[in-house]
Amino acid sequence: MPVVDISGSDADFAADPYSFYARLRAAGPVHRATVYADEFEPSWLIVGHDEARQALNHPALSKDWRTSGQFSDALVTAANANMLESDPPHHTRLRRLVARAFTGRRIEALRPRVQQVTDELLDAMAARPERTADLIAALAFPLPMTVICELLGVPDMDRERFRFWSNEIVAPTAASGDGSAHRALSAFLAELVEAKAKAPGEDLLSELIRTRDEDGDSLSPDELIGMAFLLLVAGHETTVNLISNGVRALLAHPDQLAALRADYDGLIDGAVEEMLRYDGPVQNSTYRYAREDVEIGGTLIAAGSTVVVSLASADRDPGRFADADTFDVRRAPHGHLAFGHGLHFCIGAPLARMEGKIAVRSLLERFPDLADDPAGGPPVWLGGSLMRGVTRLPVSW
């Protein structure tokens, strides 16, 4: 089977990966591919929707790269002690402990604060005399960043420094292969956990430190660092892209934008789900490792192989979604995989959905003439094949 290479993410692929994935799906649901630049050998790339769901929840596909035998122990930091990089029963234990603090009631209680932060950011946008802004810098980044920092109890920090660390971790540049950003963020979080243990507050991180289950089990210091790492990075990166990708899709489809403006109450929930399906924040999953021979989509994946699931391709599969390449805010896109599937389904999905709905609706209501700003230049896409989004989104009103 020929090996395809998307690790470089050239300009044409970055602008439109969906045409590429459509050609792959037409040839079959499973392919050999070089997805990430650090691969020792090609992975199996899953591009079909049904096959993606199977792979995302397959018990023989491990998420714990530390037991895969493919990486040096020198790469491990405390930040790796998180749910995303673990398997049952360890994953089950971690998720149970976190779920006790990360409840739906707690997330819903954040709604007034999310609206307040959104309104303040939009006030600052509206005050710009030039009537232009980079929507990512003005809204899409600071909103989820503020909310997740306040939720976790992260004190005011150098947001630009954190943004650099986070971007280098999820969308690394050519010069960031030494893992320095990962280590720097891990060290920052280790200091934060230590400080919270000495002087706990009413925030989520302090609650995680206090959490004990019925057997007295609790998160270890490394697990607390890993959980803070996962919630902080994943808790804002995906929402940045959800908001910016969603607004880009609306501006590129004036008829859909008009439909949403005419019926916010009836359409905003489904519109955000369609934004997630049509151009979701995460393009491809992180690695899975076959602990034994596995058959997916009629293809035998040998034990020891790495597997990557293309969420972007699965959510454009016409076998699952009619007119899959059409952006339709009236669609009911149940079953999309933007937040994953199975036991690793994103625990922060309710928060991301709420932030997305509030941000998009408030933005469109506040700026009825919102449009692309062509003077801002062409899109600059995030590097790598993990995330899906742009680094800047120039708009005018």
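You'll find the structure just up there.
Residues numbered from 1 in each chain as written. Predicted model: local features only at pLDDT ≥ 70, side-chain atom pairs only at ≥ 80, totals over all residues. Heavy atoms only, no water.

### Section: the overall build of the protein
In step 1: For the protein, the count of helices and strands is 16 helices and 11 strands.
In step 2: Computed over the C-alpha atoms, the radius of gyration of the protein is 21 Å, within 12% of the 21 Å expected from 2.2 N^0.38 for a compact globule of 397 residues.
In step 3: C-alpha extents for the protein along the principal axes are approximately 55 × 55 × 40 Å.
In step 4: Burial statistics for the protein: of 397 residues in total, 56% are counted as buried.
In step 5: Of the contacts formed within the protein by residues at least 6 apart in sequence, a portion of 73% connects residues at least 24 apart.
In step 6: Carbon and sulfur atoms form 54% of the exposed surface of the protein, whose accessible area is close to 16600 Å².
In step 7: Where the 39 positive side-chain charges of the protein centre and where its 57 negative ones centre are 3 Å apart. (Helix = DSSP H or I, 4+ residues; strand = E, 2+ residues; numbered from the N terminus. Rg over C-alpha atoms; globule rule 2.2 N^0.38 Å. Buried < 20%, exposed > 50% of the residue type's maximum accessible area, 1.4 Å probe, protein only. Contact = heavy atoms within 4.5 Å. Areas by Shrake-Rupley, 256 points an atom, 1.4 Å probe, with all protein chains shown as cover. Lys, Arg positive; Asp, Glu negative; His and termini not counted. Charge placed at Lys NZ, Arg CZ, Asp CG, Glu CD.)

### Considering helix α3 (residues 49–56)
In step 1: Those residues of α3 that fall on the buried side of the exposure criterion are His49, Glu51, Ala52, Ala55 and Leu56. Angular distribution of buried residues about the axis of α3 spans 160°; they occupy a single face of the element.
In step 2: The secondary structure elements touched by the buried residues of α3 are β3 (43–46), β4 (61–62), β6 (288–290), β7 (294–296), β9 (306–309) and α15 (311–314). (Arc of directions from axis to C-beta.)

### Things to note about the sheet that holds β3
In step 1: The mixed open sheet is built from 6 strands, whose spatial order is β1-β2-β3-β9-β6-β4. Of all strands in the sheet, those bounded by a partner on one side alone are β1 (3–5) and β4.
In step 2: In this sheet, strand β2 (residues 30–34) lies alongside β1 in parallel orientation, the contact comprising 3 bridges. Its bridge partner lying in β2, Val3 is registered against Arg32. (Pairing = 2+ DSSP bridges.)

### Describing helix α16 (residues 349–366)
In step 1: Between its first and last C-alpha atoms α16 spans 25 Å; for 18 residues at 1.5 Å apiece the expected length is 26 Å, and the two agree.
In step 2: Turning to α16, its buried residues are Ala349, Leu351, Ala352, Met354, Glu355, Gly356, Ile358, Ala359, Val360, Ser362, Leu363 and Leu364. (Expected span 1.5 Å × (residues − 1).)

### Some thoughts on the packing of aromatic side chains
In step 1: Counted under the stated rule, the structure contains 9 aromatic pairs.
In step 2: On the basis of an interplanar angle of 90° and a centroid distance of 5.4 Å, the ring pair of Tyr36 and Tyr287 is categorised as edge-to-face. Residue Tyr36 is found in the loop between β2 and β3, and its partner Tyr287 is found in the loop between α14 (264–278) and β6; the two are separated by 251 residues along the sequence. Pair check on accessibility: Tyr36 and Tyr287 agree, each one buried.
In step 3: Measuring from ring centre to ring centre gives 4.8 Å for Phe367 and Trp397, while their planes differ by 50°; the resulting arrangement is tilted. Of this pair, Phe367 sits in the loop between α16 and β10 (371–372) while Trp397 is found in the segment after β11 (394–396), placing the two residues 30 residues apart along the sequence. (Phe/Tyr/Trp six-rings, centres within 6.5 Å; stacked < 30°, edge-to-face > 60°.)

### Observations regarding the pattern of salt bridges
In step 1: Applying the stated rule across the entire model yields 19 salt bridges.
In step 2: A salt bridge links Glu150 to Arg113; its shortest N-O distance comes to 2.6 Å. Note that Glu150 is positioned in helix α8 (residues 142–152) and Arg113 in helix α6 (residues 111–126), a separation of 37 residues in sequence.
In step 3: Judged by relative accessible area, which is 40%, Glu150 ranks as partly exposed.
In step 4: The network of salt bridges with shared partners includes Arg93, Asp217 and Glu223. (Salt bridge = Lys/Arg side-chain N within 4 Å of Asp/Glu carboxyl O.)

### Quick word on the environment of Ala271
In step 1: Residue placement: Ala271 occurs in helix α14.
In step 2: Judged by its relative accessible area of 0%, Ala271 is buried.
In step 3: For the pair Ala271 and Gln54, spaced 217 residues apart in sequence, the C-alpha separation works out to 26 Å.
In step 4: Apart from residues lying up to four places away in sequence, Ala271 is in contact with Leu260 and Val329.

### A look at the sheet that holds β10
In step 1: Read across the sheet, 3 strands follow the order β5-β11-β10 without closing on themselves; strand pairing throughout is antiparallel. Bordering the open sheet on either side are β5 (132–134) and β10, each of which pairs with just one other strand.

### A closer look at the pairing of β2
In step 1: Burial within β2 is extensive, with 5 of its 5 residues counted as buried.
In step 2: What you see with β2 is no split at all: Val30, Arg32 and Thr34 on one side and His31 and Ala33 on the other are buried throughout.
In step 3: Here 4 bridges tie β2 to β3, and the two strands are oriented antiparallel to one another. Each residue of the ladder has a partner; that of His31, found in β3, is Leu45.

### Considering the packing of helix α10 (residues 180–198) against helix α12 (residues 221–252)
For any two helices packed against each other, the geometry is given by the interaxial angle and the distance between the axes.
In step 1: Where α10 contacts α12, the axes come no closer than 9 Å and their chain directions differ by 115°. When you trace α10 past α12, the crossing you get is right-handed. Judged by residue contacts, His182, Leu185, Ser186, Leu189, Ala190 and Val193 of α10 engage Leu224, Ile225, Ala228, Phe229, Leu232 and Val233 from α12.
In step 2: Partitioned by chemical class, the residues of the contact of α10 with α12 number 10 nonpolar, 2 polar and no charged. (Axes fitted to C-alpha atoms, helices over the stretch in contact; angles between N-to-C directions. Left-handed = near helix turned anticlockwise from the far one by under 90°. Nonpolar A, V, L, I, M, F, W, Y, C, P; charged D, E, K, R; others polar.)

### Looking at unusual backbone geometry
In step 1: The amide bond that connects Pro88 to the next residue, Pro89, takes the cis arrangement and shows omega of 5°.
In step 2: Mapping Pro89 onto the fold places it in the loop between β4 and α4 (90–99).
In step 3: Backbone geometry at Arg131 places phi at a positive 60°, although glycine is not the residue there.
In step 4: Relative to the helices and strands, Arg131 resides in the loop between α6 and β5.

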